[in-house]
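Now for the letters of each chain:
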Amino acid sequence: MESALTARDRVGVQDFVLLENYTSEVAFIENLRKRFKENLIYTYIGSVLVSMNPYKDLEIYTKQHMERYRGVNFYEVSPHIYAVADNAYRSMRTERRDQCILISGESGAGKTEASKKVLQYYAITCPASEHVQTVKDRLLQSNPVLEAFGNAKTLRNDNSSRFGKYMDIQFDFKGAPVGGHIINYLLEKSRVVHQSHGERNFHIFYQLIEGGEEDLLRRLGLEKNPQQYQYLVKGNCPKVSSINDRNDWKIVRKALSIIGFTDDEVEELLNIIASVLHLGNVQYGGEDSGSAYITTETQIKYLARLLGVDGTVLKEALTHKKIIAKGEELMSPLNQEQAASARDALSKAIYGRTFTWLVNKINDSLAFKVWTHSNASVIGLLDIYGFEVFQNNSFEQFCINYCNEKLQQLFIELTLKSEQEEYEAEGITWEPVQYFNNKIICDLVEEKFKGIISILDEECLRPGDASDITFLEKLEDTVGGHAHFLTHKLADGKTRKVMGREEFRLIHYAGEVNYNVNGFLDKNNDLLFRNLKEAMCMSENKILTQCFDREELTDKKRPETAATQFKNSLAKLMEILMSKEPSYVRCIKPNDAKQAGRFDEVLIRHQVKYLGLMENLRVRRAGFAYRRRYETFLQRYKSLCPDTWPNWDGRLVDGVSTLVKHLGYKPEEYKLGRTKIFIRFPKTLFATEDALEVRKHSLATQLQSSWKGYSQKTKYRKMRQSAIKIQAWWRGILACRKAKRRREAANTIRRFIKGFIYRHQPRCPENEYFLDYVRYSFLMKLHRSLPKTVLDKSWPTPPPALVEASEQLRKLCMQNMVWKYCKNINPEWKHQLEQKMVASEIFKDKKDNYPQSVPKLFVDTRLSEFSASVWRLQESSYAVPVTKYDRNGYKARNRQLLLMANSAIIVEEGKLKQCIDYSSLKGISVSSLSDGMFVLHVTCEDNKQKGDVVLQCEHVIETLTKVAICADKMNSININQGSIKFNVAQGKEGIIDFTSGSELLIAKAKNGHLSVVSIAPRNNNLYVHFPALLSLSSLFGKC
Ligand SMILES: Nc1ncnc2c1ncn2[C@@H]1O[C@H](COP(=O)(O)OP(=O)(O)OP(=O)(O)O)[C@@H](O)[C@H]1O
Ligand SMILES: [Mg+2]
């Protein structure tokens, strides 16, 4: 542990407690120097943090830095303000005890910066909700506002806090900041009316003038030049290079609205600020009588408007004093000097009270609405002025240094004295440490009747001519013999040389300070003439009405003097701090020039002394670093020893003893008191803390694993039960579905069988399902196996009930196919078919050689292509070679038969042999056999006609069909059995006899007839070659 600590101390030692020569101031300062050179500005004295102002940005305040210090043991990481903040926070959380962080040091040592860092640390690292975020923002934003109104540039610090500030940050049980409260102490009001050379008034005046918008400044009657205002020119320092007033103005305006100031409130606040500047410019002239009168009327006009008071009343109040003598009110005129100080008193009163109002307003906005002490804890932050020693020290320095005496007292109370007392109370042997108890100085200042404040008050209140000098004399009379008090009169010759006659010296714990009594009485009285108070009570400005209460006018009791007020507020502060566990931050300023890297040893030694750091270190090293009550110690570390874990039943002291023995503490490392254990070295405690940290992990792992096991088991059981339930339900559903399907199947089968039994009966409930099924099946089968062509005669056999419907369907199907066929037929083929139909009508089943003609297509000419010489061939619709038989002798002659539009002509090549008008064509005769003979019967009324014509043709069916169509003689074709009679000439008849034989023979028979032997056809199966034509013929007939 020791080595680890040393390792962390890369430069010097990070804790002065570890200094070899801890009594040497030189060693102490050397350690500070070494670290400061390396930018290590923080060093501990035990738990006290010593902080050096680096006067430069060190980049050690980032979020990562905050994270590094969060929840980490105080000594684990290098010293830092965040470690103090985190330690206080963790103590508050774990021990449920309110904490306070006391930040002290000279002006410019970095107190305010440190307090801001602490606040930022909490704002960033603490848990937050939406409400908490607002509170965090407001806490952070309260700083720029208070700094604007309460800070000023001084010779020591460009942003010096001219008031003391104690801020409570309130945390809820989850550790989130939920509210805040600020108490302010002794604002340096005199700065409003006067500033030393090189110093400024409060920032807000410059920010308003520099940053205020034209419009706003016009409303306030202000000019954009600070030199115009008497209250801003005293220090002759309107501009400061490190300050950007214009920018700061924007920040303040934004902060005011975040905190919750309304526009009206801001306006009224600025009216007051502007009024103070106008008041400063009120000038007086003197009358002969000595009475003062106001020479600057415009200022009064502005003041009347901005303050909302009557101008005349204000004017009178600024030049007169109201005296109540024997119950009568008299207005006594003031001389020039008195009037000016009345004016300044008013300015100070207005500004001072407005500042208090501002703090109250911020408090309202930070207030934790449901605050109860049981559920919230507090961390207090004290940023208060450090010891001040100037060339000329006045009432303010007296108060400030008194405050520091009180804080030192508190420090002694809480650390040194209580430490010794505690050892004694616990029966621990203790070697007394010599330290100076400054109670004697506190008493000198504050003791009732005999103390300096009491004497001052007495001088302020007593009738007669009391003055600062009479006060000094009174002091000499009363406390003249006090060891810590001295005046010029009381001093020895050597001291007299360095003291003024109007001064008294206090030998403070930190050193000697001479105070000049000039102004003590006035400042303590803090007097504001009654008529000025009255004028302010009449103000229409809402802020001023709250600041100047009318009750004040009627209250007969004398108001408390400034010193008494301050004394009382300090007493209250001490009470607050005593109720909390303190952490200390001691700030040191390295040089007066505000320069980075400059280490002014004299100045630092002075501060080390004033802050009592050496004494602090001595006590730390002499005593024990750590002590805790047995129950707290045991409770925290009992898990480190098997005998004390999880519970120790015996006496607490025995438990602790067992525990430390188990931890291996050496006898010189600790002592057991009556109620507490004392641990001498921090390293012992760190080792224990480290062990606890390790143990915590294993405990947490154990807890986690048991909890995880338990929760997983519970989860598993629940899931299992749920799965079983779901399975059972699902199985039930499946079984129900299956049963339902089976029932339905059984019903179907049953209905099917019943239907089958009743299938031949008329439709009835028993068979309707079966019949429907059979119908359905037949139709579905039909649907799958419909014939694809007209020639396909297949058709499923219908069930008995569907025979008729099946037939209808079949016909419909056929018609449909035919219709489709016909739709797609081309005109030539149609013509062909029509001719074939005519042929069929005439010859089918009547003439033997008809079947042979069926598959042969009818053509328009049977003449060869070389027959172009045939007479009028072009005009004919049909031409065919024929054999003509003479009527007498039946001599055969080759001719061509041509069918013209109105006649059939017989030609012999180029010659017309015979023309038969269709009108004279009586009829046509053919035999029923398979020969090609036919006779055209012609009417013989006409002499031109030579009688009937006997012809023979290879294509008899085709030729006669064409003739029948052309001559429209379809019904005039006679098919004769055996013989045909024909006219040879007028009145003379010829006969053609037809017989069947094996060979075609046409010859004149002996009986003078023409004998034709036809060849009997071999079979009639030729139909098959053209079956479609045959069936179509019937269909066409119907279409
Ligand atoms: N930690 C820091 N890092 C960088 N600069 C710092 C730090 N602390 C202080 N300073 C510088 O020092 C200046 C003075 O610091 P600060 O105002 O905190 O002093 P103070 O102790 O509050 O003085 P006063 O008593 O006059 O109010 C700051 O304005 C800043 O420039
Ligand atoms: Mg400050």
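- The protein chain is annotated in an unreviewed UniProt entry as Unconventional myosin-Ic of Cyprinus carpio carpio.
- Looking at the Sequence similarities (unreviewed entry) heading of the UniProt record, one finds this comment for the protein chain: "Belongs to the TRAFAC class myosin-kinesin ATPase superfamily. Myosin family."

1. Some thoughts on the overall build of the protein chain
(1) Moving on: When you go through the protein chain residue by residue, the secondary structure sums to 36 helices and 31 strands.
(2) Moving on: Over its C-alpha atoms the protein chain spans a radius of gyration of 67 Å, topping by over 25% the 31 Å that the globule rule assigns to 1039 residues.
(3) Moving on: For the C-alpha atoms alone, the extent of the protein chain along its principal axes is close to 205 × 90 × 65 Å.
(4) Moving on: Counting across all 1039 residues of the protein chain, residues that qualify as buried make up 49%.
(5) Moving on: A fraction of 62% describes how many contacts in the protein chain between residues 6 or more apart in sequence connect residues 24 or more apart.

2. Remarks on the state of the cysteines
When the sulfur atoms of two cysteines share a covalent bond, that bond is a disulfide.
(1) Moving on: Tallied over the entire structure, the rule returns zero disulfides.
(2) Moving on: As a non-bridged cysteine, C442 has C403 as the owner of its nearest cysteine sulfur, 10 Å distant.
(3) Moving on: Taking relative accessible area as the criterion, C442 reaches 2% and is therefore assigned buried.
(4) Moving on: With no disulfide of its own, C966 lies closest to C915 among cysteine sulfurs, the gap being 13 Å.
(5) Moving on: Overall, the relative accessible area of 31% leaves C966 in the partly exposed class.

3. Focus: the coordination of the magnesium ion (ligand 2)
(1) Moving on: The protein atoms donating to the magnesium ion (ligand 2) are T112 (OG1) and S161 (OG), with metal-donor distances spanning 1.9 to 2.1 Å. Taken together, the residues T112 in helix α5 (residues 111-125) and S161 in strand β5 (residues 160-161) connect sequence positions 49 residues apart. With respect to burial, T112 and S161 carry one shared label: buried.

4. Considerations on the pattern of salt bridges
(1) Moving on: Evaluated as defined, the whole model comprises 49 salt bridges.
(2) Moving on: Here E297 ties to K315 by a salt bridge, and the two come within 2.5 Å at their closest N and O atoms. Of this pair, E297 sits in helix α13 (residues 297-307) while K315 sits in helix α14 (residues 311-319), and the two are 18 residues apart along the sequence.
(3) Moving on: With a relative accessible area of 37%, E297 lands in the partly exposed category.
(4) Moving on: Where R763 meets D772, a salt bridge forms, and the shortest distance between an N and an O atom there is 3.0 Å.
(5) Moving on: For R763, a relative accessible area of 46% puts it in the partly exposed group.

5. Here we look at the nonpolar core
(1) Moving on: The biggest cluster of nonpolar side chains holds 179 residues, and the ones touching the most others in it are Y122 and F504.
(2) Moving on: Non-local contacts of Y122, meaning those with residues more than four positions away in its chain, are made with A85, A88, Y89, I101, K136, I169, F171, P177 and I379.
(3) Moving on: Residues V838, Y878, V956 and A967 belong to the second largest nonpolar core, which totals 32 residues.

6. A short note on the packing of aromatic side chains
Working definition: an aromatic ring pair is given by the centre-to-centre distance plus the angle between the planes.
(1) Moving on: Counted by the stated rule, this structure contains 34 aromatic pairs.
(2) Moving on: Judged by centre distance (5.9 Å) and plane angle (75°), the rings of F261 and W357 are edge-to-face. Placement of F261 in the loop between α11 (245-259) and α12 (263-280) and of W357 in helix α15 (residues 336-366) is noted, with a sequence separation of 96 residues between them.
(3) Moving on: Overall, F261 belongs to the buried group, its relative accessible area being 5%.
(4) Moving on: Centroid distance F752 to Y769: 6.5 Å. Interplanar angle 75°. Geometry classified as edge-to-face. Placement of F752 in helix α30 (residues 682-757) and of Y769 in helix α31 (residues 768-784) is noted, with a sequence separation of 17 residues between them.
(5) Moving on: Positioned above the aromatic ring of Y61, the side-chain terminus of K117 is 4.4 Å from the ring centre.

7. Examining the site of ligand 1
(1) Moving on: As a matter of local geometry, ligand 1 sits amid 17 residues, with S107, K111, T112, S160 and S161 nearest to it.
(2) Moving on: Interatomic distance of 2.8 Å between a side-chain N/O atom of N53 and an oxygen atom of ligand 1.
(3) Moving on: Here an oxygen atom of ligand 1 and a backbone polar atom of A109 are 3.3 Å apart.
(4) Moving on: Notes on ligand 1: free accessible area 620 Å², of which the protein chains cover 86%.
(5) Moving on: Every element with two or more residues in the shell around ligand 1 is listed here: α5 and β5.
(6) Moving on: Sort the elements by how many residues they give to the shell around ligand 1 and α5 lands first, with three residues.
(7) Moving on: In terms of residue class, the shell around ligand 1 is made up of four nonpolar, nine polar and four charged.

8. Some words on the packing of helix α18 (residues 452-461) against helix α19 (residues 468-479)
Packed helices, taken two at a time, are described by their axes: the angle between them and the distance between them.
(1) Moving on: Between α18 and α19, the shortest axis-to-axis distance is 10 Å and the interhelical angle comes to 140°. The angle between the axes of α18 and α19 places the two elements in the oblique class. Crossing angle aside, the handedness with which α18 passes α19 is right-handed. Residue-level contacts link I452, I455, L456, E458 and E459 of α18 to T470, F471, K474, L475, T478 and V479 of α19.
(2) Moving on: For the contact of α18 with α19, the class distribution of residues is six nonpolar, two polar and three charged.

9. Observations concerning α13
(1) Moving on: When α13 is considered as a whole, its buried residues turn out to be Q299, I300, L303, A304, L306 and L307.
(2) Moving on: One or two residues past the end of α13 sits G308, with phi positive at roughly 70°.

10. Considerations on the sheet that holds strand β7 (residues 177-185)
(1) Moving on: In spatial order, the strands read β1-β2-β16-β3-β12-β6-β7; together these seven strands make up an open sheet with mixed pairing. Sheet topology places β1 (42-45) and β7 at the edges, where each strand pairs with a single neighbour. For this sheet, the mean angle separating the axes of adjacent strands, direction not counted, is 20°.
(2) Moving on: Relative to strand β2 (residues 48-52), β1 is paired through four bridges, and the arrangement is antiparallel. Bridge pairing in β2 links I45 to V48.
(3) Moving on: Contacts from α15 reach β6 (164-171) and β7, with the element oriented near 165° to β7.
(4) Moving on: Together, β1, β2 and β16 (581-588) form the strand contacts of helix α27 (residues 613-622), whose direction differs from that of β1 by roughly 50°.

11. Regarding the sheet that holds strand β13 (residues 485-487)
Within a sheet, neighbouring strands are paired by backbone hydrogen bonds and run either parallel or antiparallel to one another.
(1) Moving on: Strand order in the open sheet formed by three strands is β13-β14-β15, and the pairing between neighbours is antiparallel. Of all the strands in the sheet, the pair left with one neighbour each is β13 and β15 (512-516). Strand-to-strand twist in this sheet, taken as the mean axis angle between neighbours without regard to direction, amounts to 25°.
(2) Moving on: Both strand β14 (residues 503-507) and β15 contribute to a ladder of five bridges, which runs antiparallel. When the sheet's bridge partners are listed, L506 is paired in β15 with V513.
(3) Moving on: Taken strand by strand, α19 contacts β13 and β14, and its axis lies near 135° from that of β13.

12. Some words on the environment of D492
(1) Moving on: Within the secondary structure layout, D492 lies in the loop between β13 and α20 (493-496).
(2) Moving on: Classification of D492 as partly exposed rests on a relative accessible area of 47%.
(3) Moving on: Sequence spacing of D492 and Q896 is 404 residues, and the spatial spacing of their C-alpha atoms is 182 Å.
(4) Moving on: Engagement of the side chain of D492 in a polar contact is seen with the side chain of T495, the distance being 2.5 Å.

13. Observations concerning unusual backbone geometry
(1) Moving on: The linkage connecting W645 with the following residue, P646, adopts the cis geometry, with an omega of 0°.
(2) Moving on: Residue position: P646 is located in the loop between α28 (630-637) and α29 (652-663).
(3) Moving on: Phi at F449 takes a positive value of approximately 65°, unusual for a residue other than glycine.
(4) Moving on: Within the fold, F449 resides in the loop between α17 (439-446) and α18.
(5) Moving on: At D845, a position not held by glycine, the phi torsion is positive, near 65°.
(6) Moving on: Mapped onto the elements, D845 comes out in the loop between α33 (827-843) and α34 (850-853).

The rules behind each value
Residues numbered from 1 in each chain as written. Chains lettered and ligands numbered in written order. Predicted model: local features only at pLDDT ≥ 70, side-chain atom pairs only at ≥ 80, totals over all residues. Heavy atoms only, no water. UniProt positions renumbered as here; feature names shortened; annotations may be inferred. Helix = DSSP H or I, 4+ residues; strand = E, 2+ residues; numbered from the N terminus. Rg over C-alpha atoms; globule rule 2.2 N^0.38 Å. Buried < 20%, exposed > 50% of the residue type's maximum accessible area, 1.4 Å probe, protein only. Contact = heavy atoms within 4.5 Å. Disulfide = S-S within 2.5 Å. Donors = N, O, S within 2.8 Å, 3.2 Å for Na, K, Ca; no water. Salt bridge = Lys/Arg side-chain N within 4 Å of Asp/Glu carboxyl O. Core = buried A, V, L, I, M, F, W, Y, C linked by side-chain atoms within 4.5 Å. Phe/Tyr/Trp six-rings, centres within 6.5 Å; stacked < 30°, edge-to-face > 60°. Lys NZ or Arg CZ within 6 Å of the ring centre and 35° of its normal. Near = heavy atom within 4 Å. Polar contact = N/O pair within 3.5 Å; in protein donor to acceptor, adjacent residues only side chain to side chain. Areas by Shrake-Rupley, 256 points an atom, 1.4 Å probe, with all protein chains shown as cover. Nonpolar A, V, L, I, M, F, W, Y, C, P; charged D, E, K, R; others polar. Axes fitted to C-alpha atoms, helices over the stretch in contact; angles between N-to-C directions. Parallel < 35°, antiparallel > 145°, perpendicular 65-115°, else oblique. Left-handed = near helix turned anticlockwise from the far one by under 90°. Pairing = 2+ DSSP bridges.

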